[in-house]
Structure formats: structure tokens, C-alpha cells
Amino acid sequence: MQKEYVLQFAKELLSIDSPTGYTQQAISFVEQEVQSMGYRTKRTNKGNLLIYVEGKSHDKTVGLCAHCDTLGLMVRSIKADGKLALTNLGGPLIPTLDGEYCRIYTRDGKAYSGTILSTSPAAHVYKDASSKQRTIDNMEVRIDEVVKSKEDTQKLGIQNGDFVAIDPKVQITDSGFIKSRFLDDKISVSALVGVLKELHEQKLTPTYDTIIMMSTYEEVGHGMAYIPKEISELLAVDMGCIGEDLACSEYDVSICAKDSSGPYDYEFTTRLIELAKKAELSYAVDIYPMYGSDVSAARNGGNDIKGALIGPGVHASHGMERTHIDGVCQTMKLILAYLINETKS
């Protein structure tokens, strides 16, 4: 099931900064890997990667998607003392960013390191150091360069609108846990690439023509607003939620019945549940009350599709996330069951 391959690929992909809107390097990394397996690829105008897999039947075309973009930050303004005020990209849990290392990417190709801190960062100086609310307006970046003024920072080439990437802090434990920011959704990208490798090495052919898509703007809601018109059903592979009132764990593949955009296709979701049962997978069916996927974006974009959503269970989403390789493997097995064993619907 490509376990070691997926772990190594995920470690490398997670280490590539790709805040939403700044995903070129991550997309190129995935593209080069799948091209090395012999798959044909194409990029859309906004940077989404399409990977084509020929099926046994050309009666229909199915799509699968995951997203390479992550949560992040952007320079809102440069302060008088040279520190950076911020605006968020997507919805990171801002309190978890206090003390995190980051990288600032300039428009002329430079990169600088820094630290994200509260504007009251010192316990020996500020009475509210521990109590001050950690909101985006109360956070700033301390740059690791000799800057004492706004002009000093500007001389580095840093300007408003530069991207700020948060250090993912990737770790894979001997017990099989994958700890990192941005498992949402790079762990699902890794699972899909692992499936492609399995198809390639085992010489397996999907039932139908398949397009696997890696999107670049999911975290801001329009990643898969456009999909190729021949796709009749779209399976999003994204993180499964764990927490209050939910059945999923880090060791399961989650099948989402409904999220904030409404229910997923009844027949398609039922088909996935039956495939999971038949394959004796560890799975959970859940509702995600505060969640939207690339299927949501595709439906909102006017695409006439059946849509469904699955993914490995991920704990502490949009913060310091964690999953387990077992949940990733369960997800890959369900994807393969869907691609190979699907009966005509």
C-alpha cells in the first residue's frame, strides 16, 4: 500500500511552503513526481494540476481532487519599528501562531526568516503578555535581519502583499503518527500520489477514465470552481474531522455525509460506504458543521456533478495537526476500491 513511499513523499511535500496563492513550488514537486511515473499532466490558468489516467471504459470520466495550498499569512503593512503587521490567508487558528517561526517571500525572489509574536511578547515588560487576546491585529512578525525602522525593512525588498509562510514543523514518529501543520490537505495529496504509484507499479487500470486534480485556492473557497466539463462525478479527498460529536479517529477514513454547504450526493456517498464495508475498512460516516470542500466549490461554480468527500481523520485542524499512517492507508484503500471495483451507476 506504498506506506513508506507515502510517508517520505508527505514529509517532503509538507516541508515546501505553499500558502494559498503561492503554490508554484509545491505543484511543481507533485507534477514532477507523477510525470516520472509516466502520467500525462496539464495545468489550468490559475495553476491547478490535472493528472490523466486512462480507464478501461470511456463511458464516463470521474474526478478526484485534493489541494496543495495551505493556510498562511500576508504582509498587511510595515510598522515604524520594521516589524510586519499581518493579514491571514484562510482560517488559521491565530492563537496557535504565537511564537511560530515563519518565512517571508518577497516579490523579487528573496526569502527571510522571522518569528510570529504577540504585540505584547515579553512577560517582563507587558502586564498583558499572557492575557492579551491573540488576534491577527495583535500579532506581528519579527524579522531576523538588522531592521530598526520601516525604511530598513523596505530596503530588504519586503513590501505589503508579500507572503508569509508558517513553519510546518513536520515530524513522523516511530509509532506511525504524522505531526505537522497543513496535513489539511497535503496528506491527502500524498495519498492520491501513493494511489497513482500503486496503479503504476501494479499495472492496475481504473474502471473509468480518471482525472486527478490538485488545486491551489481551496483554502479561500474557489479551488475547484472550474473542472473539466467531461467529469460527471467528483470525489474530494480532504481531511476528516475529529472531535466533539464525531465518530472519526486518526486511524480511520472519514466519509462525509454533509458539511456547511449541505449534503453530499446520496447515491455516491452510499456507494462509498458500501465499498468501505466490502473492503472491511476502518471508516466513519460524519457530518462536518464548519467545513467546505473543493466539491462545494465545484458545485458553486455551476458544474453538473455528483459529489462526495472522504479523507483520513486529522486531529486539531487548522492548528498543530496530527494523523496516523493507518488512517492514510484506509483512505488509499477506499480510493482504490472506488477506482477499480466501482460498478456502473
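Look up: the structure comes first, before these words.
(A) Highlighting the overall build of the protein chain. Looking only at helices and strands, the protein chain features 7 helices and 19 strands. Scaling as 2.2 N^0.38, a compact globule of 345 residues should have a C-alpha radius of gyration of about 20 Å, and the protein chain matches this with 21 Å. Viewed in the frame of its principal axes, the protein chain has a C-alpha envelope of about 65 × 40 × 40 Å. Taking all 345 residues of the protein chain together, 57% fall into the buried category. Long-range contacts, defined as pairs at least 24 residues apart, comprise 76% of the intrachain contacts of the protein chain with a sequence gap of at least 6. Only carbon and sulfur atoms are counted for the fraction: they give 48% of the accessible area of the protein chain, which is about 14800 Å². Between the centroid of the 37 positive side chains of the protein chain and the centroid of its 47 negative side chains there is a distance of 3 Å.

(B) Spotlight on the sheet that holds strand β11 (residues 177–180). The strand order across the open sheet built from 3 strands is β10-β11-β19, with neighbouring strands paired in antiparallel fashion. Only two strands of the sheet have a single partner each, and these edge strands are β10 (171–172) and β19 (321–324). Here β11 runs beside β19; their pairing, made up of 4 bridges, is antiparallel. Across the sheet, residue Phe177 finds its bridge partner in β19, namely His324. In the packing of helix α4 (residues 183–201) onto the sheet, contacts are made with β11 and β19, and the angle to β19 comes to roughly 25°.

(C) Quick look at helix α1 (residues 3–14). If you check α1, its first and last C-alpha atoms are 16 Å apart, about what 12 residues at 1.5 Å a residue would give, namely 16 Å. Along α1, the residues classified as buried are Tyr5, Val6, Leu7, Phe9, Ala10, Leu13 and Leu14. Contacts made by the buried residues of α1 are with α2 (24–36), β10, β11, α4 and α7 (325–341).

Rules used in this analysis
- Along each chain, the written sequence defines residue order, and numbers are assigned to residues from 1.
- Note on the predicted model: pLDDT of at least 70 is required for a residue's local features to be given, and 80 or more for side-chain atom pairs to be given and counted; whole-chain, interface and lining totals, by contrast, use all residues.
- Water and hydrogen atoms were dropped before computing side-chain values, which therefore reflect all heavy atoms in the structure.
- Where helices and strands are cited, they refer to DSSP runs of H or I of at least four residues and of E of at least two residues respectively, numbered from the N terminus.
- The globule rule used for comparison is 2.2 Å times the number of residues to the exponent 0.38, while the radius of gyration itself is calculated over C-alpha atoms.
- Only protein chains enter the accessibility calculation, which uses a 1.4 Å probe; a residue whose area is less than 20% of its type maximum is buried, one above 50% is exposed, and one in between is partly exposed.
- By the convention used here, residues are in contact when the closest approach between their heavy atoms is within 4.5 Å.
- Areas reported as accessible are Shrake-Rupley estimates using a 1.4 Å probe. Residue values count occlusion only from the protein chains shown.
- For this count, His and the chain ends are skipped, Lys and Arg are scored as positive, and Asp and Glu as negative.
- Charged groups are reduced to one reference atom each: NZ for lysine, CZ for arginine, CG for aspartic acid, CD for glutamic acid.
- Any two strands with at least two DSSP-identified bridges between them are counted as paired.
- Inter-axis angles, ranging from 0 to 180 degrees, are taken between N-to-C directions of lines fitted to C-alpha atoms, where helices are fitted over the stretch in contact.
- Here, expected helix span is obtained from the residue count minus one, scaled by 1.5 Å.

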